[in-house]
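Examining the three-dimensional arrangement
Okay, here's what each chain looks like letter by letter:
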Amino acid sequence: MNTEKTTPVTAIVLGASGRGKLYGDYSLEHPDDLQITGIAELVELRRNIYGDKYHVPKENRVATWEELLSRPKFADAVIIATPDHLHYAPCMSALDLGYDILLEKPIAQTDEECRRLVAYAREKGKIVGLTHVLRYSPYFLMLKEMISSKAIGELVSIQHFEPIEHVHMCHSYVRGSWRDSEKSTPLVLAKSSHDLDILHWMIGKPCKKVVAFGELTHFKAENAPEDAPARCTDGCPAEATCPYSALKIYHRDRTWLYVFDLPEDQDKQGDVILENLQTGPYGKCVYHCQNNQPDHYMMLMEFEGGVTVNFSIEAFTSYGGRRTRIMGTRGDIVGDMEEFTHTDFATGLSKIYNANAEDALNYEGVGHGGGDAGMIRDWIEAIRRQDASLMSTPLDESLESHQIAFAAERSRKEGKVVTLPNP
């Protein structure tokens, strides 16, 4: 990476919650690299808190992305961290204005929109990075190197598993913003485009065929406890023992609170949390949420050259973090996103690798196995040099994972094997 003293890349953030906050916070840690000069955020409190935090001029703090992108270009780049259904339109508008872009995954809601956006970005010649951050995770970087160097011989098959974790599932995909696949995106894209991208990246060949299975089994009305009300705050007789109790998750355990705009005074936070649970989506009974995302999902894929992949997404686990098994003709690998064990068939010897050991300080507490910070650094440098090849996650390279996801959903709904088009 270029270490010469340079001016920071200036960026507008669309969506100042969750991922938008993460990217904005990078500017506080690395002010010589990134400066936030505009924010679009519907929630006024959040807009002002983050606006003050990033020292954004008052005139550049607005409610909607349309207002910011109706102005002449006033920054180098746009960071799009809006909900899934608001990725395509602002990205196309930002391209029209000549901005470079960091686009939160997924690219768009439909295969057609994804293709159109990728083609338009190519036509405009702008730097557009998608946030497939696992390509920057030391764990997956090491796995890719093991495969590429033939440490396991010829790659034959991969089993990959994403345990969502039961509270994460009910928070994000039952109560939360992704509960409706039609209004957001299907679970396999919303949650696991990262995984499909990393599988394609490690294998290095296109996916040819896919078949998928999955259903919404548990989080529906017929499984509600007897006499369960619409909200956990309304005196549910099963609340005290329910693993999905909103009172337990948010109020008693004080977890997953990033979705609430809380006062800094912790003594006042409890009342604000309760008010949110009494009026907002996160207080609803998980069996009465008008949700439709599957709570278990399995895919079988065949890649060019005959490499096969078994990938599953599961809600009902007590743990998160990805699990990987890689099989080759001369060895295999078993890993859990923190460390992996490589066994050589010829010698019978096994070696354990700690993926983060050599750079522990850089990855301590950093999201996606250390991938977030590396992705932002490369995106900034790509803008400075106007060279998309400096990123591991350029937009057109990320299209394959989305096409696999759309094919999987078609397979799941139509009950057939789907052949993907030639790239």
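Residues numbered from 1 in each chain as written. Predicted model: local features only at pLDDT ≥ 70, side-chain atom pairs only at ≥ 80, totals over all residues. Heavy atoms only, no water.

**Observations regarding helix H9 (residues 193-203)**
Our working definition: The rule is simple: take the accessible area with a 1.4 Å probe, protein chains only, and divide by the maximum for that residue type; under 20% is buried, over 50% is exposed, in between is partly exposed. Starting at the N terminus, helices and strands are each numbered in turn, a helix being any DSSP run of H or I of at least four residues and a strand any DSSP run of E of at least two.
In terms of residue burial, H9 counts as a mostly covered element, since eleven of its eleven residues are buried. Just beyond H9, the residue with positive phi is Gly204, at close to 75°.

**Remarks on the pattern of salt bridges**
To be explicit about the condition: Any Lys or Arg side-chain nitrogen located within 4 Å of an Asp or Glu carboxyl oxygen qualifies as a salt bridge.
Enumeration over the complete set of coordinates arrives at 27 salt bridges. Here Glu397 and Arg135 are joined by a salt bridge, their closest N and O atoms 3.5 Å apart. Note that Glu397 is positioned in helix H14 (residues 395-414) and Arg135 in the loop between strand E6 (128-130) and helix H6 (138-148), a separation of 262 residues in sequence. On the basis of relative accessible area, Glu397 is assigned to the partly exposed category, the value being 32%. A cluster of three or more residues bridged by salt bridges with shared partners is formed by Asp33, Glu381, Arg384 and Arg385.

**Examining the sheet that holds E6**
Backbone hydrogen bonds are what pair the strands of a sheet, in a parallel or an antiparallel way. Under the convention used in this document: One bridge is not enough; two strands pair if DSSP finds at least two bridges between them. Contacts are assigned to residue pairs that have any heavy atoms within 4.5 Å of one another. Orientation is described by lines fitted to C-alpha atoms, with helices fitted over the stretch in contact, and by angles between N-to-C directions that extend from 0 to 180 degrees.
In space, the six strands of this open sheet follow the order E3-E2-E1-E4-E5-E6, with parallel pairing throughout. Of all strands in the sheet, those with a lone pairing partner are strand E3 (61-62) and E6, marking the two edges. Here three bridges tie strand E5 (residues 100-103) to E6, and the two strands are oriented parallel to one another. Considered in E6, the bridge of Leu103 is made with Leu130. Of the strands in this sheet, strand E1 (9-14), strand E4 (77-80), E5 and E6 touch helix H4 (residues 88-97), which is tilted by about 165° from E5.

**Some thoughts on the nonpolar core**
A general trend in soluble globular proteins is that nonpolar side chains are found buried together. Note the cut-off: What is meant by a nonpolar core is a set of buried Ala, Val, Leu, Ile, Met, Phe, Trp, Tyr and Cys residues, joined one to another through side-chain atoms within 4.5 Å.
If you look at the biggest cluster of nonpolar residues, it comprises 97 residues, and the most contacted ones within it are Leu14, Ile107, Phe140, Tyr250, Met299, Met301 and Leu395. It is H14 that contributes the most residues to this core, seven residues altogether. The contact partners of Ile107, leaving out residues within four places of it in the chain, are His87, Tyr88, Cys114, Leu117, Val118, Leu130, Leu395, Ser398, Leu399 and His402. If you look at the next biggest cluster of nonpolar residues, it comprises 25 residues, including Ala11, Ile127, Tyr136 and Trp379.

**Let's talk about unusual backbone geometry**
With glycine set apart, most residues show a phi of negative sign, and most peptide bonds adopt trans. Between Lys105 and the following residue, Pro106, the backbone shows a cis peptide bond with an omega angle of 0°. Unusually for a residue other than glycine, Asp227 sits at a positive phi of about 65°. Looking at where Asp227 falls in the secondary structure, it is placed in the loop between strand E8 (207-215) and helix H10 (246-252).

**Regarding a nonpolar patch on the surface**
Rule in force here: The residues that make up patches have over 30% relative accessible area and no salt bridge, and they are joined within 9 Å when like-charged or within 5 Å when they are Val, Leu, Ile, Met, Phe, Trp or Tyr. Exposure was quantified through the Shrake-Rupley algorithm and a 1.4 Å probe, taking into account, for residues, occlusion by the shown protein chains and nothing else.
On the surface, Phe213, Met298 and Leu300 cluster together into a nonpolar patch covering about 280 Å² of accessible area. Relative to the helices and strands, Leu300 resides in strand E9 (residues 296-303).

**Some points on the packing of aromatic side chains**
Each aromatic ring pair is specified by the distance between its two centres and by the angle formed by the two planes. Here is the rule we go by: Two rings belonging to Phe, Tyr or Trp (six-membered ring only in the last case) form a pair when the distance between their centres is within 6.5 Å. Interplanar angles under 30 degrees mark stacking, angles over 60 mark edge-to-face geometry, and anything in between is tilted. A ring is scored as having a charge over it whenever the NZ atom of a lysine or the CZ atom of an arginine sits within 6 Å of its centre and within 35 degrees of its normal.
Taken as a whole and judged by the stated rule, the model has twelve aromatic pairs. Taking the centre distance of 6.4 Å and the plane angle of 55° together, the rings of Trp256 and Tyr258 count as tilted. Judged by its relative accessible area of 27%, Trp256 is partly exposed. Three or more aromatic residues link up through ring pairs in this structure, and these residues are Tyr139, Phe140, Phe340 and Tyr353. Positioned above the aromatic ring of Trp201 is the side chain of Lys144, whose terminal nitrogen or guanidinium carbon lies 5.0 Å from the ring centre.

**Considerations on the packing of helix H5 (residues 111-124) against H14**
Each pair of packed helices can be summarised by the angle the axes make with each other and by the distance between the axes. Heads up, the rule is: Working rule for angles: under 35 degrees goes down as roughly parallel, over 145 as roughly antiparallel, 65 to 115 as roughly perpendicular, anything else as oblique.
Remark: H5 packs on H14, axes separated minimally by 10 Å, with the N-to-C direction vectors making an angle of 170°. Considered as vectors, H5 and H14 are oriented roughly antiparallel to each other. Two secondary-structure elements touch here, H5 through Asp111, Cys114, Arg115, Leu117, Val118, Ala121 and Arg122 and H14 through Leu395, Asp396, Leu399, His402, Gln403 and Phe406.

**What about the sheet that holds strand E13 (residues 339-344)?**
With mixed pairing, the nine strands of this open sheet are ordered in space as E14-E13-E12-E11-E7-E10-E9-E8-E15. Each of the sheet's edge strands pairs with one partner strand only, and the pair in question is strand E14 (350-354) and strand E15 (418-419). The pairing of E8 with E15 spans two bridges and is antiparallel. Residue Val210 lies in a different strand from E15, and its bridge partner there is Val418.

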